[in-house]
Amino acid sequence: RREAAPPSPWLEPRSANAYADRAGMHRLSGEHDAAIRDYTEAIRLNPKFAEAILNRAITLAGTSRCAEAIPDFTRAIELNPADPIGLVDRGVCYEQGGRDDLALKDYSAHLTLDPRSQYGFELRGALLFRARQYDRALADFAQALVINPSSPTALYGRGMVKRLTGVDQVEPVDAMR
């Protein structure tokens, strides 16, 4: 007769890490509500678990719940200020909520931490384009193209600026502005 195997940590997690791991599996499987529940339990067990807080925020934002995600992004940024991911994702949520001023600050802070972020330049460039700050938008699209010369987003953004202004070439500028 065989002894029963101990319960799998995937089925019965007992630690914050195990809950966060299972939440990640739920998220990858598209089971967002289950992922949010497990991230919430991981955070209850370890309130300073920055990765679980950030991943819960990302999951919330990915299910169009940006208003709920912003406090988690903020907490994750407070706990791990050197991680640029929370800044860019919170910026997207701010932008979706009509807070372009806060989105611009987050995109700029993200680029300070990660000056090679094509995504950060594209997001900030698009926001600046919508704000009719075409020279700054063009500079961001140009910087994104330095990072990835075939970026469809940056090529399109540069093309839109050219269409409106007649200008399509600028020197990329420092991300620290």
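Note that this is a predicted model, so its numbers are computed, not measured.

**Points about the packing of helix 3 (residues 50-62) against helix 4 (residues 66-79)**
Turning to step 1, where the next piece is worked out: Put simply, helix 3 and helix 4 touch, their axes get as near as 8 Å, and they point 155° apart. By the angle between their axes, helix 3 is roughly antiparallel relative to helix 4. Crossing of helix 3 against helix 4: the hand is left-handed. Touching Ala50, Ile53, Leu54, Arg56, Ala57, Ile58, Leu60 and Ala61 of helix 3 are Cys66, Glu68, Ala69, Asp72, Phe73, Arg75, Ala76 and Leu79, all from helix 4.
Turning to step 2, where the next piece is worked out: Residue classes in the contact of helix 3 with helix 4 are distributed as 12 nonpolar, no polar and 4 charged.

**A short note on helix 5 (residues 85-96)**
Turning to step 1, where the next piece is worked out: Taking 1.5 Å as the rise per residue, helix 5 with 12 residues should run 16 Å; its terminal C-alpha atoms sit 17 Å apart, in good agreement.
Turning to step 2, where the next piece is worked out: Most of helix 5 is tucked away: 9 of the 12 residues are buried.
Turning to step 3, where the next piece is worked out: Taken together, the buried positions of helix 5 are occupied by Gly86, Leu87, Val88, Asp89, Arg90, Gly91, Cys93, Tyr94 and Glu95.
Turning to step 4, where the next piece is worked out: Where the residues of helix 5 are buried, they touch helix 3, helix 4, helix 6 (100-113) and helix 7 (118-130).
Turning to step 5, where the next piece is worked out: Of the residues trailing helix 5, Gly98 is marked for its positive phi of about 80°.

**A word on the packing of helix 5 against helix 7**
Turning to step 1, where the next piece is worked out: Their axes nearest at 11 Å, the elements helix 5 and helix 7 cross at an angle of 25°. By the angle between their directions, the pair helix 5 and helix 7 is classed as roughly parallel. The two elements helix 5 and helix 7 cross, and the hand of that crossing is left-handed. Between helix 5, through Val88, Val92 and Glu95, and helix 7, the contact on the second element is made entirely by Tyr119, Gly120, Leu123, Leu127 and Arg130.
Turning to step 2, where the next piece is worked out: Tallied by class, residues from the contact of helix 5 with helix 7 come to 5 nonpolar, 1 polar and 2 charged.

Cut-offs and rules
Residues numbered from 1 in each chain as written. Predicted model: local features only at pLDDT ≥ 70, side-chain atom pairs only at ≥ 80, totals over all residues. Heavy atoms only, no water. Axes fitted to C-alpha atoms, helices over the stretch in contact; angles between N-to-C directions. Helix = DSSP H or I, 4+ residues; strand = E, 2+ residues; numbered from the N terminus. Parallel < 35°, antiparallel > 145°, perpendicular 65-115°, else oblique. Left-handed = near helix turned anticlockwise from the far one by under 90°. Contact = heavy atoms within 4.5 Å. Nonpolar A, V, L, I, M, F, W, Y, C, P; charged D, E, K, R; others polar. Expected span 1.5 Å × (residues − 1). Buried < 20%, exposed > 50% of the residue type's maximum accessible area, 1.4 Å probe, protein only.

Structural measurements only, silent on function.
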